[in-house]
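# Structural description and commentary
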Amino acid sequence: MVPKHIAIIMDGNGRWAKAKGLPRTVGHIKGAKNIETIARAAKKLGVKYLTVYAFSTENWSRPEDEVSKLMELLIEYLNKAYKNAEKNQMRVRVIGQRERLEKRIKDRIEEVEEVTAGYDEIFLQVAFNYGSRDEIVRATRKITQDVKEGKLDSADITEETFGSYLDTKDIPDPDLLIRTSGEERISNYLLWQLAYSEFYFTKTPWPDFSPKELEAAIDEFNNRNRRFGNV
Ligand code: FPP
């Protein structure tokens, strides 16, 4: 069985670059390229949803040149997604807090979301300026506002209602989380959505994470499901 939704924490770009005596930003460039490779492989394997962690709310504390490189890489990635929208048949959405992003980035995100909105062969979510606690707080604010305006009765707030206020509304919860590069933490990623997901940790740094290893992660996911009798 192929997991319907895979979430990835793409860790280890910096260490990958350092091990090669290269600047950290080269690791990020290689890492951004690998999103394309893995998205293509995931689509071929029949994965419907892929959610990648590209920039966390904590990442602003990184050196300024690294932050601006990550912003440029997002723009480049979105430009390619725009150009290849029809060929890829992939719907692209960006989750996370938009307000703090530069206008040109916000505009580009909106354009790509619009132009890819009708495609459904694979759904890619890029988590950018994303933090799960921040997402939950933003959802709570919207809920309280709706209660205040009489649009929602607090007695009607269920898990489902709450989920529909998150950035991931309309997206099923991940079946499998992959984190590369040896750390075994969740790092404020999709805390609500990962409640029942399987976790796969690998020492491979993200730039080296290959379609073959994606298949290995899926195989392990299947073995676990067989062992624990997912009926
Ligand atoms: C972790 O490596 C990587 C990130 C900061 C997030 C992932 C970013 C990319 C894959 C490139 C950007 C892509 C887009 C679309 C914007 P790290 O720097 O934490 O590595 P380290 O732990 O080895 O230092």
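Refer to the preceding data block for the structure.
These notes cover the structure that comes with them. These figures come from a predicted structure and were not determined experimentally.

Moving on, we come to the site of the ligand. In the neighbourhood of the ligand, 21 residues make up the surrounding shell, with D11, G14, R15, R24 and R62 lying closest. One of the backbone N or O atoms of N13 is found 3.2 Å from an oxygen atom in the ligand. Taking R62, its side chain carries an N or O atom lying 2.7 Å from an oxygen atom of the ligand. Bound to the protein, the ligand loses 92% of the 620 Å² it would expose on its own. Mapped onto the shell around the ligand, the elements with two or more residues apiece are α1 (13-19), α2 (24-45), β2 (49-56) and α3 (64-83). When residues in the shell around the ligand are grouped by element, the largest group, 5 residues, is from α2.

Here we come to the pattern of salt bridges. When their charged atoms lie close together, side chains carrying opposite charge are able to pair. Going through the model one piece at a time under the given rule, you end up with 20 salt bridges. Where D11 meets R179, a salt bridge forms, and the shortest distance between an N and an O atom there is 3.0 Å. Within this pair, whereas D11 is found in the loop between β1 (5-9) and α1, its partner R179 is found in strand β5 (residues 176-179), the two being separated by 168 residues in sequence. Judged by its relative accessible area of 17%, D11 falls in the buried class. With relative accessibility at 4%, the residue R179 sits in the buried group. The salt bridge partner of K103 is D107, with a shortest N-O separation of 2.7 Å. Pair noted here: K103 and D107 are both in helix α5 (residues 103-116), with a separation of 4 residues, about one helical turn. Take K103: its relative accessible area is 58%, and that puts it in the exposed class.

Reading the values: the criteria
- Residues numbered from 1 in each chain as written.
- Predicted model: local features only at pLDDT ≥ 70, side-chain atom pairs only at ≥ 80, totals over all residues.
- Heavy atoms only, no water.
- Near = heavy atom within 4 Å.
- Polar contact = N/O pair within 3.5 Å; in protein donor to acceptor, adjacent residues only side chain to side chain.
- Areas by Shrake-Rupley, 256 points an atom, 1.4 Å probe, with all protein chains shown as cover.
- Helix = DSSP H or I, 4+ residues; strand = E, 2+ residues; numbered from the N terminus.
- Salt bridge = Lys/Arg side-chain N within 4 Å of Asp/Glu carboxyl O.
- Buried < 20%, exposed > 50% of the residue type's maximum accessible area, 1.4 Å probe, protein only.

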